[in-house]
Amino acid sequence: MARTPGAPTPADHALAAELAGRAGALLLELRRSHEPGGDPAVLRKAGDHQSNELLLAGLAEAVPGDAVLSEESKDDPARIHASRVWIIDPLDGTREFGEPPRTDWAVHVALTIDGAPVAGAVALPALDVVLGTDPPATLAPPSGGPVRLVVSRTRPPKAATFLADRLGATLVEMGSAGAKAMAVIRGEVDVYVHSGGQYEWDSCAPVAVAAAAGCHCSRIDGSPLVYNNEDPYLPDLLICRPELAEPVLAALADFRD
């Protein structure tokens, strides 16, 4: 029998939003202070490192007994046996961050309890937006037009192009995973599907926030997304408006066949 995850506290939700917002402010300041025409690789490296240090310090101070999995830190195998694990991406969309004035980059902070993403926040610093789980973000109403499917700027996954053909969807290009997922909530797109391989930090906070807002979130076969695995590679993801879940999953079943 599957375990029922424990409940987060109000402080967990607040901590996720606070830290995501603080890291976002730091990243904006780094961007502003970066010399025009300077090496974007230097800016990206500084952003990854300084945001990670801020988040790790904040978690260590507020929840010292919790484990952490970060894209920018060496993995500690002890987290596998922990119930409460924070999964963070200090700078999701590093490439876009290094290309001012692009806005499609994010900061991810999420808490998992027994593998379930139960609290989290995604900051979109360049838009001055932080979306969290309590209070949950408000899902925008349906657009009433053709389905809009968000895809990567450079490498749309095969599942997305298959789905676009099946649903007659319009493709919308965007950068980071967090920006794509939040675009569903904000009403800019209707479906985000990824089949090209990701890691847990790419989707954990976006899934926590999107699920709290009422979106459908799953693997592309409809199975639950489970986090804090020994191998943090998570091959695929679907986040979409709830009324589109059934037709999207049916189309994806044909894609998998």
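Data block above holds the structure.
The shown structure was predicted, so the numbers you read here are calculated from the model rather than taken from an experiment. (Residues numbered from 1 in each chain as written. Predicted model: local features only at pLDDT ≥ 70, side-chain atom pairs only at ≥ 80, totals over all residues. Heavy atoms only, no water.)

Student: What exactly am I supposed to notice about the packing of helix α5 (residues 177-185) against helix α6 (residues 200-212) here?
Tutor: Helix packing geometry: the angle between the two helix axes and the distance between the axes. The geometry of α5 relative to α6 is characterised by a closest axis approach of 9 Å and an angle of 10° between their N-to-C directions. With respect to their mutual orientation, α5 and α6 come out roughly parallel. As α5 packs across α6, the resulting crossing turns out to be right-handed. Seen from α5, the contacting residues are Ala177, Gly178, Ala181, Met182 and Ile185; seen from α6, they are Asp202, Pro206, Val209 and Ala210. Taken together, the residues of the contact of α5 with α6 sort by class into seven nonpolar, one polar and one charged. (Axes fitted to C-alpha atoms, helices over the stretch in contact; angles between N-to-C directions. Helix = DSSP H or I, 4+ residues; strand = E, 2+ residues; numbered from the N terminus. Parallel < 35°, antiparallel > 145°, perpendicular 65-115°, else oblique. Left-handed = near helix turned anticlockwise from the far one by under 90°. Contact = heavy atoms within 4.5 Å. Nonpolar A, V, L, I, M, F, W, Y, C, P; charged D, E, K, R; others polar.)

Student: Explain the packing of aromatic side chains here, please?
Tutor: How two aromatic rings sit relative to each other is set out by the distance from centre to centre and by the angle between their planes. Overall, the coordinates contain four aromatic pairs when judged by the stated rule. Between tyrosine 199 and tryptophan 201, the aromatic rings sit 5.2 Å apart at their centres with planes inclined by 10°, giving stacked as the arrangement. We classify tyrosine 199 as partly exposed; its relative accessible area is 38%. Plain terms: the ring middles of tyrosine 199 and tyrosine 233 are 5.6 Å apart, the flat faces sit at 75° to each other, and that makes the pair edge-to-face. Note that tyrosine 199 is positioned in strand β9 (residues 198-199) and tyrosine 233 in strand β11 (residues 233-234), a separation of 34 residues in sequence. (Phe/Tyr/Trp six-rings, centres within 6.5 Å; stacked < 30°, edge-to-face > 60°. Buried < 20%, exposed > 50% of the residue type's maximum accessible area, 1.4 Å probe, protein only.)

Student: When you look at the side chain of aspartate 190 in this model, what are you seeing that I'm missing?
Tutor: Residue position: aspartate 190 is located in the loop between α5 and β8 (191-194). The exposure class assigned to aspartate 190 is buried, which follows from its relative accessible area of 4%. A polar contact is formed between the side chain of aspartate 190 and the backbone nitrogen of arginine 148, at a distance of 2.7 Å. Aside from chain neighbours lying at most four places away, what touches aspartate 190 is Ser143, Pro146, Val147, Arg148, Val184, Ile239, Cys240, Arg241 and Leu244. (Polar contact = N/O pair within 3.5 Å; in protein donor to acceptor, adjacent residues only side chain to side chain.)

Student: It is not clear to me how the pattern of salt bridges should be interpreted in this structure. Could you clarify?
Tutor: Should their charged atoms come close, side chains of opposite charge can pair. One pass over the structure, following the stated rule, counts 12 salt bridges. The salt bridge partner of glutamate 18 is arginine 22, with a shortest N-O separation of 3.5 Å. With glutamate 18 and arginine 22 both in helix α1 (residues 10-33) and four residues apart, this pair spans about one turn of that helix. (Salt bridge = Lys/Arg side-chain N within 4 Å of Asp/Glu carboxyl O.)

Student: Got a minute to help me understand the state of the cysteines in this structure?
Tutor: Any covalent bond linking the sulfur atoms of two cysteines counts as a disulfide. In total, this model carries zero disulfides according to the counting rule given. Here cysteine 240 stays unpaired: no disulfide links it, and the sulfur of cysteine 215, its closest cysteine neighbor, is 7.6 Å away. (Disulfide = S-S within 2.5 Å.)

Student: Would you mind going over the pairing of strand β6 (residues 148-152) with me for this structure?
Tutor: Walk down a regular strand and you will see the side chains alternate between the two sheet faces. Within β6, five of the five residues are buried, which leaves the element mostly enclosed by the surrounding structure. Pairing between β6 and strand β7 (residues 170-174): five bridges, direction parallel. Of the residues in β7, the one forming a bridge with leucine 149 is leucine 171. Pairing between β6 and β8: two bridges, direction parallel. Along β8, the bridge assignment pairs valine 150 with tyrosine 192. (Pairing = 2+ DSSP bridges.)

Student: Is there a simple way to think about the sheet that holds strand β2 (residues 84-92) in this case?
Tutor: By way of backbone hydrogen bonds, the strands of a sheet pair with one another, either parallel or antiparallel. Pairing within the open sheet is mixed, and its five strands lie in the order β1-β2-β3-β4-β5. The open sheet has two edge strands with one neighbour each: β1 (67-70) and β5 (129-132). When strand polarity is set aside, the average angle formed by the axes of neighbouring strands in this sheet is 15°. In this sheet, β5 lies alongside strand β4 (residues 116-124) in antiparallel orientation, the contact comprising four bridges. From the neighbouring strand, alanine 121 faces β5, where its bridge partner is glycine 132. Packing against the sheet, α5 makes contact with β2, β3 (106-113), β4 and β5, and its axis sits at approximately 100° to β4. Sheet contacts for α6: β1, β2, β3, β4 and β5; angle to β4, the most-contacted strand, approximately 95°.

Any link to function would need more than the numbers given here.
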